[in-house]
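Now for the letters of each chain:
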Amino acid sequence: MIIKYPLLTEKAVRFMESENKLIIIVDMKANKNEIKNHFENIFKVKVRSVNTHIVKGQKRAYIKLDP
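Here's the deal with the overall build of the protein chain
Reasoning step 1: Check the secondary structure of the protein chain and you find 2 helices and 4 strands.
Reasoning step 2: Of the regular secondary structure in the protein chain, the N- to C-terminal order runs β-α-β-α-β-β.
Reasoning step 3: Taking 11 Å as the expected radius of gyration for a compact globule of 67 residues, we find that the protein chain reaches 11 Å, a close match to that expectation.
Reasoning step 4: Each principal axis of the C-alpha atoms in the protein chain carries an extent, and together these give about 30 × 25 × 15 Å.

A closer look at the side chain of Lys 59
Reasoning step 1: Along the chain, Lys 59 turns up in strand β4 (residues 58-65).
Reasoning step 2: Buried charge without a salt bridge: Lys 59, with Glu 34 as the nearest opposite-charge side chain at an N-O distance of 7.5 Å.
Reasoning step 3: A polar contact of 3.5 Å, which involves the side chain of Lys 59, links it to the backbone oxygen of Met 28.
Reasoning step 4: Discounting residues that sit within four places of it in the chain, Lys 59 has contacts with Ile 24, Ile 25, Val 26, Asp 27, Met 28, Ala 30, Thr 52, His 53 and Ile 54.

Considerations on the pattern of salt bridges
Reasoning step 1: By the definition in use, this model includes 3 salt bridges.
Reasoning step 2: Lys 46 is the partner of Glu 40 in a salt bridge, and the nearest nitrogen-oxygen pair spans 4.0 Å.
Reasoning step 3: A salt bridge links Arg 48 to Asp 66; the shortest N-O distance between them is 3.1 Å. In this pair, Arg 48 sits in strand β3 (residues 47-55) while Asp 66 sits in the segment after β4, placing the two residues 18 residues apart along the sequence.
Reasoning step 4: Since its relative accessible area comes to 48%, Arg 48 is described here as partly exposed.

Some details on the pairing of β4
Reasoning step 1: Relative to β4, strand β2 (residues 21-26) runs antiparallel, the two sharing 6 bridges. Paired with Val 26 across the strands is Lys 59, a residue of β4.
Reasoning step 2: Across 8 bridges, the pairing between β3 and β4 is antiparallel. Bridging across to β4, His 53 finds its partner in Arg 60.
Reasoning step 3: In textbook terms, the turn of a hairpin is the stretch between consecutive antiparallel strands, and for β3 and β4 this stretch comprises 2 residues, one of which, Lys 56, has a positive phi near 50°.

How each quantity is defined
- Residues numbered from 1 in each chain as written.
- Predicted model: local features only at pLDDT ≥ 70, side-chain atom pairs only at ≥ 80, totals over all residues.
- Heavy atoms only, no water.
- Helix = DSSP H or I, 4+ residues; strand = E, 2+ residues; numbered from the N terminus.
- Rg over C-alpha atoms; globule rule 2.2 N^0.38 Å.
- Buried < 20%, exposed > 50% of the residue type's maximum accessible area, 1.4 Å probe, protein only.
- Lys, Arg positive; Asp, Glu negative; His and termini not counted.
- Salt bridge = Lys/Arg side-chain N within 4 Å of Asp/Glu carboxyl O.
- Polar contact = N/O pair within 3.5 Å; in protein donor to acceptor, adjacent residues only side chain to side chain.
- Contact = heavy atoms within 4.5 Å.
- Pairing = 2+ DSSP bridges.

Here it is, written out as structure tokens:
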């Protein structure tokens, strides 16, 4: 399973409102293309970009959606 769960913190909600980004916890072995394709197939939306960041043993994907 590539996508584990969304991250819902104050910062994550601010990203959703201001920059149209979602923060999702993903599998450590998943790359950006896999994350993008999986997210587009599940939610039927267009993804503009994916950035990843590893924090405290978790891989976070910052997914920017098309308007």
